[in-house]
Number of protein chains: 4
Amino acid sequence: MLVILKTNCTTAQKKAIEDYIFSCNGQIVEAPGKTRNVLGIVGIDHTVDREVIASYPGVDQVVPITQPYKLAGRDLHKEDTQMTIPGKKGASMTVGKGSLGIIAGPCTVESRQQIIETAYAVKEAGATALRGGAFKPRTNPYSFRGLKSKGLEYLAEAREETGLPIVTEVLSVEDLPQVAEIADVVQIGTRNMQNYPLLTAAGRQSKPVLLKRGLAATLDEFLLAAEYIMVEGNRRVILCERGIRTFEGEVRFTLALAAVPLLREKTHLPVIVDPSHGTGKSSIVRPMCRAAIAAGADGLLVEVHPNPEIARIDGAQSITCSEFSTIMKEVSAIADCLGRTKIH
Amino acid sequence: MLVILKTNCTTAQKKAIEDYIFSCNGQIVEAPGKTRNVLGIVGIDHTVDREVIASYPGVDQVVPITQPYKLAGRDLHKEDTQMTIPGKKGASMTVGKGSLGIIAGPCTVESRQQIIETAYAVKEAGATALRGGAFKPRTNPYSFRGLKSKGLEYLAEAREETGLPIVTEVLSVEDLPQVAEIADVVQIGTRNMQNYPLLTAAGRQSKPVLLKRGLAATLDEFLLAAEYIMVEGNRRVILCERGIRTFEGEVRFTLALAAVPLLREKTHLPVIVDPSHGTGKSSIVRPMCRAAIAAGADGLLVEVHPNPEIARIDGAQSITCSEFSTIMKEVSAIADCLGRTKIH
Amino acid sequence: MLVILKTNCTTAQKKAIEDYIFSCNGQIVEAPGKTRNVLGIVGIDHTVDREVIASYPGVDQVVPITQPYKLAGRDLHKEDTQMTIPGKKGASMTVGKGSLGIIAGPCTVESRQQIIETAYAVKEAGATALRGGAFKPRTNPYSFRGLKSKGLEYLAEAREETGLPIVTEVLSVEDLPQVAEIADVVQIGTRNMQNYPLLTAAGRQSKPVLLKRGLAATLDEFLLAAEYIMVEGNRRVILCERGIRTFEGEVRFTLALAAVPLLREKTHLPVIVDPSHGTGKSSIVRPMCRAAIAAGADGLLVEVHPNPEIARIDGAQSITCSEFSTIMKEVSAIADCLGRTKIH
Amino acid sequence: MLVILKTNCTTAQKKAIEDYIFSCNGQIVEAPGKTRNVLGIVGIDHTVDREVIASYPGVDQVVPITQPYKLAGRDLHKEDTQMTIPGKKGASMTVGKGSLGIIAGPCTVESRQQIIETAYAVKEAGATALRGGAFKPRTNPYSFRGLKSKGLEYLAEAREETGLPIVTEVLSVEDLPQVAEIADVVQIGTRNMQNYPLLTAAGRQSKPVLLKRGLAATLDEFLLAAEYIMVEGNRRVILCERGIRTFEGEVRFTLALAAVPLLREKTHLPVIVDPSHGTGKSSIVRPMCRAAIAAGADGLLVEVHPNPEIARIDGAQSITCSEFSTIMKEVSAIADCLGRTKIH
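Rules behind the numbers
- Residues numbered from 1 in each chain as written.
- Chains lettered and ligands numbered in written order.
- Predicted model: local features only at pLDDT ≥ 70, side-chain atom pairs only at ≥ 80, totals over all residues.
- Heavy atoms only, no water.
- Contact = heavy atoms within 4.5 Å.
- Buried area = accessible area lost by both parts, 1.4 Å probe.
- Salt bridge = Lys/Arg side-chain N within 4 Å of Asp/Glu carboxyl O.
- Polar contact = N/O pair within 3.5 Å; in protein donor to acceptor, adjacent residues only side chain to side chain.
- Helix = DSSP H or I, 4+ residues; strand = E, 2+ residues; numbered from the N terminus.
- Nonpolar A, V, L, I, M, F, W, Y, C, P; charged D, E, K, R; others polar.
- Least-squares fit on C-alpha atoms with pLDDT ≥ 70 in both.
- Expected span 1.5 Å × (residues − 1).
- Buried < 20%, exposed > 50% of the residue type's maximum accessible area, 1.4 Å probe, protein only.
- Core = buried A, V, L, I, M, F, W, Y, C linked by side-chain atoms within 4.5 Å.
- Domains from an automatic or database assignment.
- Phe/Tyr/Trp six-rings, centres within 6.5 Å; stacked < 30°, edge-to-face > 60°.
- Lys NZ or Arg CZ within 6 Å of the ring centre and 35° of its normal.
- Axes fitted to C-alpha atoms, helices over the stretch in contact; angles between N-to-C directions.
- Parallel < 35°, antiparallel > 145°, perpendicular 65-115°, else oblique.
- Left-handed = near helix turned anticlockwise from the far one by under 90°.

## Some details on the interface of chain B and chain A
Taken together, the contact pairs 49 residues of chain B with 49 residues of chain A. Of the roughly 4100 Å² buried at the junction of chain B and chain A (both faces included), carbon and sulfur atoms supply 50%. Considering only the side of chain B, the residues that lose the most area to chain A are Thr139(B), Tyr142(B) and Glu309(B), jointly responsible for 17% of the buried surface there. Applying the counting criterion to the chain B and chain A interface returns two salt bridges. With a shortest N-O distance of 2.7 Å, Glu221(B) and Arg245(A) are connected by a salt bridge. Summed over the shared surface of chain B and chain A, the result is 14 residue pairs in polar contact (both at pLDDT 80 or more). Here the side of chain B that touches chain A takes four residues from helix H7 (residues 219-230) of chain B, the largest share from any one element. Broken down by class, the residue content of the side of chain B that touches chain A amounts to 23 nonpolar, 14 polar and 12 charged.

Structure follows, in structure tokens:
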């Protein structure tokens, strides 16, 4: 860590900073400049609070040199992480380190028939896991919030039928035991990326966690959210880029695909992409699925509905089973021609 | 609500949309255009899902005409809401409808002495409530997360001493009873603006809620979050603009002061501003406090620390008690010259 | 166009709006609502000013129904436009309608040797045109601004040697004749996307124009800038997505690849992508080139430097000739497997 | 400047960087770290290209320590700059160093009568300069582009009548002599903030320049644009914050008032605010004018139209003469109570 002092930093202010660093067992290498001084700090623990140092009055800037996310970062874990998540009947999803995990299904579980029908269709097309919301986060309190435990039940039935492992969202610490009992992967959504009690609770149970990026989260904040889960013991976190909020109004979000290779450099965790929420527009889901895989993503999360025209939520971004099938052919071809097991 | 149909909307697609609207007891006024049709929908309930209609395949755009937030909006509640929140010893904070609520104090409760000392200082300068974090949301899991129940205890002592009502943040449904027992106003922070279980729980208890805007939330999303609380029965919500995330890197956030008059047009709830988090930079807190009041805000949330140089968190944006005192003189003068009881 | 009136729109205000519309030979279809009225306007000319209507006091919102860009839009020109741009020695670049135009070369022409060496290398790897800046726009007035006419001369020599057509930027109306004399494609950069005199002048000369998206331009503003060129007579405009400015600080810009299929829906013009400027980071240029082609782009603009370590400008985002060669193999494979002539 | 080297920076790479720095007469102070090295560079000229150093392969980050804008910055010019711009009949505008310059008038000069009528009205209300567009930048090529030289003529007549100095925009180098002959202050608009030939030409003529911030420009880019003008000899530049583009869709732009005190810290030049374009919404112009002055702005640029209902352009953001008069009373009161000559 480099601490750049203000031009007018007093001796007393400098001393206060140094005392704090020494109290954390840090060492200081001083680099005096023409107009201001710089302190290089070495040897301190990752638990030291960068913000604390930044808050000292004589400090102009703190420039981090090493990553604050010890478990999620690549510094201490060079190799890509791969996870295999079993469903039923021998089916499973493997994601990371060259394997693509393809998670597909409706935004919301609407009925027993709808979810089972979709499960068969997406499996047929090549999906390796089934998604479907039972507990739905809704911006508007008057909107439909999902079938809840009935929805979980239908998801379990769909798994019994097709074998596909289940990915479904959890909204609260309270619901977590119930969701984690059924789900094969527990999803934490965009709005909850910095819901620390929920991250902590997810870190204390054993199901893998699919963590979606907050809509205005930096990549470091995203990885620190993963670290919240990992530090509790659960090391199986799948990261999901799902679009960020920008000035661009043509689409609901701007799918930031550069996040895929950028995260690849920083973390060993699998990184997948959600072009459905990431654009909010069904007509461009297909090219963005192709682009995500070409950018090196470890998989996709795609909203597929047997009949988007009557989908209760997010129909505008859902695609049909037949379109999903076309997408699977294209992304497989791209993955193949890039040498599947070494996409980036 | 206006539903603009696609040029290629089929008769069957149009019929499906109409059936759905009729099923919600809506009426349709058709406005045929040269290239595409428009359906004007009247008489339907606010519980109808705009997103559901947007999801029908023949639909190009849905243009909302009335506000979705029945309780937070002005449509059914024209007059500004004013709240009086009592502390101890006859002290209280009144906010809204011309009264400025000034909430000041350290980011984090660090010790009994620190919080009591600050409470006396900010009261002396003119603050009407004391803030201080006992449960702290931290981006980094390795950072200090507050004194928790000990912190609440010290806040209560500071209230006993000075009489100032207490504003403090709650991070989870689980902690809410404990926090609400001590707090006079329960704060829900930026990261939790769309934590629906927490909003719902806050709506089911009786203490007023200070709700901070999410860092990438639209004003409608912000008001819908308030609606989540209000629909449960708790109508006392104070809104707080605290900066949005933009490309501008000089400051941690861009304080969007236009939100103050914009919210004023949409809602009857009090709107206050947090220039400390909203800029992250102590040297510009003072002019931004003045600007917030001049823009018509009903109050301020300001981080004040007796000794920002050694503040454990957010020292970079904290100001001293003496600077706070200067700010209070300036904002009082501005409020006075704008006719205090009719600032907007 | 739909004009949504305010609830409190007076009869006089409404009459003023109607008079204006009639004065433009428009017809009005009225759709009265429960709380406010809507005017549907048909039959008016594209020259009518939407902003003028929006400015009438009784107007709440104006909802456009048809595209304002008559020449750049697809409404009157359904088929994709393809352009063939000849260089020398029989070489040429064809871009659009299934053909990929690959434009590569250094950010800046630094010397005769550097540009010729790079031209041979990129041609060998598969590029179909050579880029290189002679007139450089620089944020800082003290920075190196290019070799100017000497740079143009070297570019012409590189074309003589390799046959590759030349793409180079123009910064002012004054320089345009000189640049257009040498260039095969005249580039208008990001900062000049709304430099209307320059767009107009570019529309009055005969060389095709490569127009880069402004860093905060909406897609409609981008297409209206193209319209500025086209309305003057020059119909050969190539659009280039090059990243937008967002809160994300890891990269210089956020490459908004969804713009590719979105523009495809709106315009018949070729759309290419610049992953070099669009990320500013050489280590992720390769995956983003693949993603751009997979998203359906008609080509790429890539900064290649024989020795990025000593590039005078933008070395941080330049890649080596050998890395470019690898990229070309990958993007060709992706284009092939998507059926080259029908990428979207 | 601090140069942080990559962990894997080779000796050869490091040598290349050092050679470059020495070639610019720089000195190096080395600060070796546990995992990577840092070079502190002192004594080099401001003409050295930071981007060049950033582009060397072994470099991870370049951290600037001093400002790149020598003339616009405060480093070499501590005191606030004040400018007095004479009109006719003894009238003049003084802006900066405690004096507020209030520039008001219609977006566009529409007729002789309209501009003279408005000039009298805004002067009566307290404006110190008259604005009005003769050459208008328009997003849509089919929109009305102003009365051009006829508009300039009417502006001159309005000055003859009222004495108010004239502020009007120039769009191109070609038009500059004509505009500068009439104008007392030449305005360079948002879209041209990085039109370098225009900035350079504006720096070579003698009229003061009102420079508007680009809609996605950082403050450093803004000050470097001012530097482009100043380096040519014209030191009279007035900076204008006019809103930035963010995700917030309620308003056309987000008025970033924190820019006022931030610019104050960095530059000695006067900083004014345009709440009309900065919000695009007439109903919130008034509170934002108050907020701008309270934030410490040296003045305002306000769109006032005698009859906004029939304004040809930007009526939606124009206010009436009577509303402007109310604003002037409020901002004067705020300026007074903050001690006019020392607002910040």
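## Considering the relation of the copies chain B and chain A
Overlay of chain B on chain A (RMSD 0.1 Å): rotation 180 degrees, translation along the axis 0.0 Å. The operation mapping one copy onto its partner corresponds to a two-fold rotation axis. The C-alpha atom lying nearest the rotation axis in chain B is that of Ala216(B); the distance is 3.0 Å.

## Looking at helix H10 (residues 321-337) of chain B
Taking 1.5 Å of rise per residue, the 17 residues of H10(B) would be expected to cover 24 Å, and the 24 Å separating its terminal C-alpha atoms lies within 8% of that figure. Cys321(B), Phe324(B), Ile327(B), Met328(B), Glu330(B), Val331(B), Ile334(B) and Ala335(B) are the residues of H10(B) that are buried. Where the residues of H10(B) are buried, they touch strand E7 (101-105), helix H3 (112-125), helix H9 (285-294) and strand E14 (299-303) of chain B together with helix H9 (285-294) and helix H10 (321-337) of chain D. Looking one or two residues beyond H10(B), the residue adopting positive phi is Gly339(B), at roughly 85 degrees.

## Focus: the nonpolar core
By size, the foremost hydrophobic cluster in this structure holds 172 residues, and its most contacted members are Leu211(B), Phe324(B), Leu211(D) and Phe324(D). When residues no more than four places from it in sequence are discounted, the contact partners of Phe324(B) are Ile102(B), Ala104(B), Val122(B), Ala125(B), Ala127(B), Val302(B), Val304(B) and Ile319(B).

## Quick notes on the domain arrangement of chain A
Structurally, chain A comprises domain 1 (2-63) and domain 2 (83-337). Centre-to-centre, using C-alpha coordinates, domain 1 of chain A lies 42 Å away from domain 2 of chain A.

## Considerations on the packing of aromatic side chains
Think of a pair of aromatic rings as described by two things: how far the centres are apart, and how the planes are tilted against each other in angle. Evaluated as defined, the whole model comprises four aromatic pairs over all chains. Each ring, one from Tyr196(B) and one from Tyr228(B), has its centre 4.3 Å from the other, and the planes form 15 degrees; the classification is stacked. Here Tyr196(B), found in helix H6 (residues 196-203), pairs with Tyr228(B), found in helix H7; they are 32 residues apart in sequence, far enough to count as distant. For Tyr228(B), a relative accessible area of 1% translates into the label buried. Across from the ring centre of Phe253(C), 4.3 Å away, lies the NZ or CZ of Arg242(C), which sits over that ring.

## Here's the deal with the packing of H9(B) against H10(B)
All names here are of chain B. Two elements in contact, H9 and H10, have axes whose closest approach is 9 Å; the angle formed by their N-to-C orientations is 25 degrees. Comparing the axis directions of H9 and H10 gives the class roughly parallel. Crossing hand, H9 versus H10: right-handed. When H9 is examined against H10, the residues Val285, Arg286, Cys289, Arg290, Ile293 and Ala294 are found in contact with a partner set consisting of Glu323, Thr326, Ile327, Glu330, Val331, Ile334 and Ala335. The class makeup of the residues in the contact of H9 with H10 is eight nonpolar, one polar and four charged.

## Quick look at the environment of Thr246(A)
With respect to the helices, strands and loops of the structure, Thr246(A) is situated in the loop between strand E12 (237-241) and helix H8 (259-266). In this structure Thr246(A) comes out as buried when scored by relative accessible area, which is 9%. Through-space distance from the C-alpha of Thr246(A) to that of Tyr20(A) is 39 Å; in sequence the pair is 226 residues apart. Excluding anything up to four places from it in sequence, Thr246(A) contacts Thr254(A), Ile244(C), Thr246(C) and Phe247(D).

## A look at the pairing of strand E14 (residues 299-303) of chain D
Across the five residues of E14(D), five count as buried, placing the element largely inside the fold. Residue alternation in E14(D) divides its side chains into two sets, Gly299(D), Leu301(D) and Glu303(D) and Leu300(D) and Val302(D), and both sets are buried.

## Some points on the packing of helix H3 (residues 112-125) of chain A against helix H10 (residues 321-337) of chain A
Residues and elements named next belong to chain A. Close contact between H3 and H10 brings their axes to 9 Å; oriented N to C, the two are set at 20 degrees. Our classification of the angle between H3 and H10 gives roughly parallel. Along this stretch, H3 crosses H10, giving a crossing that reads as right-handed. Judged by residue contacts, Ala121, Val122 and Ala125 of H3 engage Cys321, Phe324, Ser325 and Met328 from H10. For the contact of H3 with H10, the residue count by class is six nonpolar, one polar and no charged.

## Concerning unusual backbone geometry
Look at Lys148(B): it is not a glycine, yet its phi comes out positive at around 55 degrees. One can find Lys148(B) in the loop between strand E8 (129-131) and helix H4 (149-162). On the basis of relative accessibility, which here comes to 39%, the residue Lys148(B) falls in the partly exposed class. Here Lys97(D), not a glycine, exhibits a phi torsion of approximately 55 degrees, which is positive. Judged by relative accessible area, which is 37%, Lys97(D) ranks as partly exposed.

## Points about the pattern of salt bridges
Tallied over the full model, the rule gives 72 salt bridges over all chains. Glu153(D) is the salt-bridge partner of Lys150(D), the closest N and O atoms lying 3.2 Å from each other. Here Lys150(D) pairs with Glu153(D), and both are found in helix H4 (residues 149-162), just three residues apart, close to one helical turn. Since its relative accessible area comes to 40%, Lys150(D) is described here as partly exposed. Through salt bridges that share partners, Arg213(A), Glu241(A) and Glu248(C) make up one connected network.

## Quick notes on the side chain of Thr279(B)
Residues and elements named next belong to chain B. Relative to the helices and strands, Thr279 resides in the loop between strand E13 (271-273) and H9. Thr279 gets classed as buried once you look at its relative accessible area, which sits at 0%. Engagement of the side chain of Thr279 in a polar contact is seen with the backbone oxygen of Pro275, the distance being 2.9 Å. Within polar-contact distance, the side chain of Thr279 engages the backbone nitrogen of Lys281 at 3.3 Å. Apart from residues no more than four positions distant in its own chain, Thr279 is found in contact with Val251, Arg252, Phe253, Ile284, Val285 and Met288.

## Observations concerning helix H8 (residues 259-266) of chain D
In terms of residue burial, H8(D) counts as a mostly covered element, since seven of its eight residues are buried. Along H8(D), the residues classified as buried are Ala259(D), Val260(D), Pro261(D), Leu262(D), Leu263(D), Arg264(D) and Lys266(D). As for H8(D), its buried residues are in contact with H9 of chain B together with helix H7 (219-230), strand E12 (237-241) and strand E13 (271-273) of chain D.

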